[in-house]
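These are the residues of each chain, in order.
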Amino acid sequence: MTEFKPMNPLEMVAYVLSKQINDHEVVYIGTGLPMVAGILAKKTHAPNITFVYESGGQDPIEGGMPWSVGGPETYRKSPMILEMPYSFGQAASGLVDTGFLGFAQLDMYGNANTTMIGGEFTNPKVRLTGSGGNNDVASLCDKLVFVGLQSPQKFVQKCDFITSAGHLTGGNARQEAGLLGHGPVAVVTSAGVYDFEPASKRMRIKSLHPGVSADLAQLASGFELLRPEGEIPVTEVPSKEILEILRHKVDPQGFFITMPGA
Amino acid sequence: MMSKFQFEYNQEALKNLKIEDTSILDRLVDYRHARDFRQKKDHSQRDKRMSLKEAVAEFVQDGDIFAYTGFGYVRTSIQADWEMVRQGKKNLQSIGSPNTCQSWGVTYGNTPYTHASYAGAEMRGYDKYFSDNIKNGRVKILSDWSHGLMAIGLKAAQLGAPGIFSKSGLGSDLVTHNPYLKVMNNPMAKGNDPCVFVPALYPDITFIHVHAADKFGNARFYGPAVNDLALAGATRKLVITAEEIVSNQDIRWNNKGVQITFQNVDAVVEQPYGALPGYMPGCYYWARRWWEKTFAMMSLGQEAMEAYIKEWILDTKDTNEVVKKLGGVDFIINQKRLAKAAEADNEDDGVEFKYKPWSPETPPDVYD
């Protein structure tokens, strides 16, 4: 019998993210951890969710993990395969509940950067992938959940480039800019789960993972994290059963849940 | 006939992108020119078949705005893209959502301009070298897009509308880094209702890879359409590359899935395996390790990437040679099995998708 490996931070993130998904919702999924979390959710507490992918695939039957948002696993025996403009159009017209996105940089108002690091657009320090569908998911879905590893380089005071609009400058800024929907409602990282304080729209600790103190979470952030009233809840860890599902059924090749260098 | 129509660009974006001569931006949004261009075409139902070599030679002009179809590497006419490189077409502007395949054109030097949306191939690899290419001036970003905004621009063109108001992009830096986008108030709203106006986008040349087409250009395909329905209506010149050519009778009798009609089409090419090394719905799975190796080469820089392009594009004379290089019959049989199992068309129990991702230790001829 093989030894049961202890949970790693990426697996924790995937599990915690999956818990952000409510059953029966229509969810917009991007590659990477969001996809792992979505499939895990569907195999555990949210079997009736519907996946939407930007290339047009949606509502596939169960199969291998889609590692590409355009791949066959996204449209496996789908009742209908759409096209990109309509896929995003659905989100704009109220047919999608929650979108899930990664980020290279995230600021205290949930604005995200996947475009570039540096001060000069024509001469960046690093040009990243670009928006892809990120801006659309962030702008058009009713609710948005971010996921990623946490560090002071990623949780920044101000994004070098705002690829995806969150709560912009806080308060009512998002609404005044013309955006609809609630914007970011949660952020799941390797340190904990965050929400957004209702008035200021600043990122606030909701729960911290076992072993992570508020001070430690703050050390891993480049901006001040708001703290909730009272004792900070500890994030629930996945059971052994759920880890088995994650490792053997959801991402058996460990594309997204293997720690770099492992 | 070049329209003398003038365009009003987003001035802040022009400054941020350091674009001084805006004439390079005009043709993408010149809907009057695009209309004239297509009005003057021969709209007859006629035999448009030719080889890929002939289609690229005749329909791709230096300086063209070249649109990427499918989804980066899903039903993307990659073999047409490679033929453009072989024929030395140059000075191209790349546009696509995503623009995954611009990576070799940019490195090779035939694509000095891009309307950016997404570079890289998802988890198969990130194009580190695209970043360098921007810094060293090998490629210039003419506009920065989200997939949804570009999709809307192309859709507007297909619909014959000069533009569409969208809710994407608001509040982001995309609207300050895209000369074509402007925040405008919804004309129907009393009071504040900002929207982003997206003009109709007209690429010059587009290759769409399909499952079957007849000799007139009526084309049948399935799988994610992505932007291809819009592109078929937006592009000035359209070449269909098809896994097989069927009769007009077959197109009429089996018309479920016919999504492009002949009048959009300039040329029809019988090009089996035209989407390789990418995925073709129901036909062949990606050459996964080819993509991983490609992106590994990209991160090693110019010399490594140029050697790779020479090996795969310049030193192969056509798609048949590419197929042989990827593993020939064994490769084709295996990739077909994987594709059909992935789509639940064929038995998937027992079909192995697990594999060892490419690393420098991978044997030299393993690309699946």
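All chains use their own residue numbering, which begins from 1 and follows the written sequence. Chains and ligands are labelled sequentially in the order written, the chains with letters from A and the ligands with numbers from 1. Where totals are concerned, whole chains, interfaces and linings use all residues; where local detail is concerned, this predicted model gives features only for residues with pLDDT of at least 70, and gives and counts side-chain atom pairs only at 80 or more. As a rule here, side-chain values come from all non-hydrogen atoms in the structure, and water together with hydrogens is ignored.

Engineer: Outline the overall build of chain B, listing residues and values.
Structural biologist: A run of H or I in DSSP counts as a helix once it spans at least four residues, and a run of E counts as a strand once it spans at least two, with each numbered from the N terminus. Regarding its fold elements, chain B presents 14 helices and 12 strands. Radius of gyration: C-alpha atoms only; globule rule: 2.2 Å multiplied by the number of residues to the exponent 0.38. A compact globule built from 368 residues would reach a C-alpha radius of gyration of about 21 Å, and chain B, at 21 Å, matches this within 12%. When a residue's accessible area, from a 1.4 Å probe over protein chains only, is under 20% of the maximum for its type it is buried; when over 50% it is exposed; and in between it is partly exposed. A burial count over chain B gives 61% of its 368 residues as buried. The contact rule is simple, with two residues in contact once any of their heavy atoms fall within 4.5 Å. Of the contacts formed within chain B by residues at least 6 apart in sequence, a portion of 78% connects residues at least 24 apart. To measure how exposed things are, a 1.4 Å probe is used in the Shrake-Rupley method; for residues, cover is taken only from the protein chains shown. A total accessible area of about 14300 Å² is found for chain B, and carbon and sulfur atoms account for 50% of it. By the counting scheme adopted, Arg and Lys are positive, Glu and Asp are negative, and His together with the chain ends is not counted. All charge positions are set by atom: Lys at NZ, Arg at CZ, Asp at CG, Glu at CD. With 44 positive and 46 negative side-chain charges, chain B shows a spacing of 4 Å between the two charge centroids.

Engineer: Go over the overall build of chain A, please, and point to the residues and values.
Structural biologist: Within chain A one finds 7 helices and 11 strands. Each principal axis of the C-alpha distribution contributes one length, and for chain A these read about 45 × 45 × 40 Å. Put simply, chain A has 262 residues, and 59% of those count as buried. Across chain A, the fraction of contacts at a sequence separation of at least 24, relative to all contacts at a separation of at least 6, is 66%. As displayed, chain A has an accessible area near 10100 Å², and 55% of this comes from carbon and sulfur atoms. Across chain A, 20 positive and 26 negative side-chain charges occur, with their mean positions spaced 3 Å apart.

Engineer: Which residues make up the sheet that holds strand 5 (residues 163-166) of chain B, and what values go with them?
Structural biologist: Residue and element names in this part refer to chain B. Each pair of strands is called paired provided DSSP finds at least two bridges between the two strands. What the 3 strands build is an open sheet, ordered 5-7-6; its pairing is antiparallel. Unpaired on one side and paired on the other, strand 5 and strand 6 (182-185) mark the two borders of the sheet. Ignoring which end each strand starts from, the neighbouring axes of this sheet average 40 degrees apart. Pairing geometry for strand 6 and strand 7 (residues 194-199), over 4 bridges, is antiparallel. Paired with Val183 across the bridge in strand 7 is Val196. Fitted lines through C-alpha atoms serve as axes, helices being fitted only where they are in contact, and the angles separating the N-to-C directions of these axes extend from 0 to 180 degrees. Running over the sheet, helix 8 (residues 147-159) touches strand 5 and strand 7 and is turned about 145 degrees from strand 5.

Engineer: Please give an account of the interface of chain B and chain A that cites residues and values.
Structural biologist: On the side of chain A, 54 residues touch chain B, which itself brings 60 residues to the contact. Between Lys or Arg on one side and Asp or Glu on the other, a salt bridge is scored when a side-chain nitrogen of the former is within 4 Å of a carboxyl oxygen of the latter. Where Asp144 of chain B meets Arg127 of chain A, a salt bridge forms, and the shortest distance between an N and an O atom there is 3.0 Å. Definition of a polar contact: a pair of N or O atoms within 3.5 Å, with one able to donate and the other able to accept a hydrogen when the atoms are protein atoms, and with sequence-neighbouring residues admitted only if both atoms are side-chain atoms. Our enumeration of links across chain B and chain A arrives at 30 residue pairs in polar contact (both at pLDDT 80 or more). Listing elements by their share of the side of chain B that touches chain A, those giving two or more residues are helix 1 (11-17), helix 7 (128-135), strand 4 (140-144), helix 8, helix 9 (228-234) and helix 14 (328-342) of chain B. With 5 residues, the single largest contributor to the side of chain B that touches chain A is helix 8 of chain B. Partitioned by chemical class, the residues of the side of chain B that touches chain A number 33 nonpolar, 15 polar and 12 charged. Residues are grouped as follows: Ala, Val, Leu, Ile, Met, Phe, Trp, Tyr, Cys and Pro are nonpolar; Asp, Glu, Lys and Arg are charged; all remaining types, including Gly, are polar.

Engineer: An account of helix 8 of chain B is requested, with residue identities and associated values reported.
Structural biologist: Residues and elements named next belong to chain B. Helix span is expected to be 1.5 Å times the residue number reduced by one. Over its 13 residues, helix 8 runs 18 Å from end to end, which matches the ideal 18 Å to within 8%, given 1.5 Å per residue. For helix 8, the buried fraction is high: 11 of the 13 residues fall into the buried class. Within the sequence span of helix 8, burial applies to His147, Gly148, Leu149, Met150, Ala151, Ile152, Gly153, Leu154, Lys155, Ala156 and Ala157. Phi turns positive one or two residues past the end of helix 8, at Gly160, with a value near 75 degrees.

Engineer: Before we move on, can you summarise the confidence of the model for chain B with the specific residues and values?
Structural biologist: Residue-level confidence of the predictor, termed pLDDT, takes values from 0 up to 100. When pLDDT is averaged across chain B, the result is 95; 99% of the residues are at 70 or more. This complex was scored by the predictor with a pTM of 0.96 and an ipTM of 0.95.

Engineer: Quick rundown of the sheet that holds strand 2 (residues 50-52) of chain A? Include the residues and the values.
Structural biologist: Residue and element names in this part refer to chain A. As summarised here, the arrangement of the 7 strands in space is 2-1-3-8-9-10-11, forming an open sheet in which the pairing is mixed. Of all the strands in the sheet, just strand 2 and strand 11 (203-208) have a single pairing partner and so form its edges. Across the sheet, the mean angle from the axis of one strand to that of its neighbour is 25 degrees, orientation sign disregarded. As judged from the 3 bridges shared by strand 1 (residues 26-29) and strand 2, these two strands associate in the parallel manner. In the strand pairing of strand 2, Val27 is matched with Phe51.

Engineer: Explain the environment of Thr169 of chain A residue by residue, including any values.
Structural biologist: Among the secondary structure elements, Thr169 of chain A is positioned in the loop between strand 8 (143-148) and helix 5 (173-176). Relative accessible area serves as the criterion here: at 64%, Thr169 of chain A is assigned to the exposed category.

Engineer: Describe the pairing of strand 3 (residues 98-101) of chain A, naming the residues involved and giving the relevant values.
Structural biologist: Residue and element names in this part refer to chain A. By the alternation rule, side chains of strand 3 split into Thr98 and Phe100 and Gly99 and Leu101, which are all buried. Sheet analysis places strand 1 next to strand 3, joined by 3 bridges and oriented parallel. Across the sheet, the residue bridging to Val27 is Thr98, located in strand 3. Of the strand pairs in this sheet, strand 3 and strand 8 are connected by 4 bridges, and their pairing is parallel. Residue pairing in the sheet places Gly99 in a bridge with Leu144 of strand 8.

Engineer: Before we move on, can you summarise the packing of aromatic side chains with the specific residues and values?
Structural biologist: All names here are of chain A. Classification of ring pairs uses Phe, Tyr and Trp, with its six-membered ring standing for Trp, and accepts pairs whose centres are within 6.5 Å; under 30 degrees between planes counts as stacked, over 60 as edge-to-face, and the remaining range as tilted. Applying the stated rule across the entire model yields 35 aromatic pairs over all chains. Pairing Phe51 with Tyr53 gives two aromatic rings, centres 6.1 Å apart and planes at 45 degrees, and the pair type is tilted. A single burial state applies to Phe51 and to Tyr53, both of which are buried. Geometrically, a lysine NZ or arginine CZ counts as sitting over a ring once it is within 6 Å of the ring centre and also within 35 degrees of the ring normal. The aromatic ring of Phe51 is capped on one face by Lys42, whose charged end is 6.0 Å from the ring centroid. The cationic tip of Lys240 hangs over the ring face of Phe4; the distance from NZ or CZ to the ring centre is 5.0 Å.

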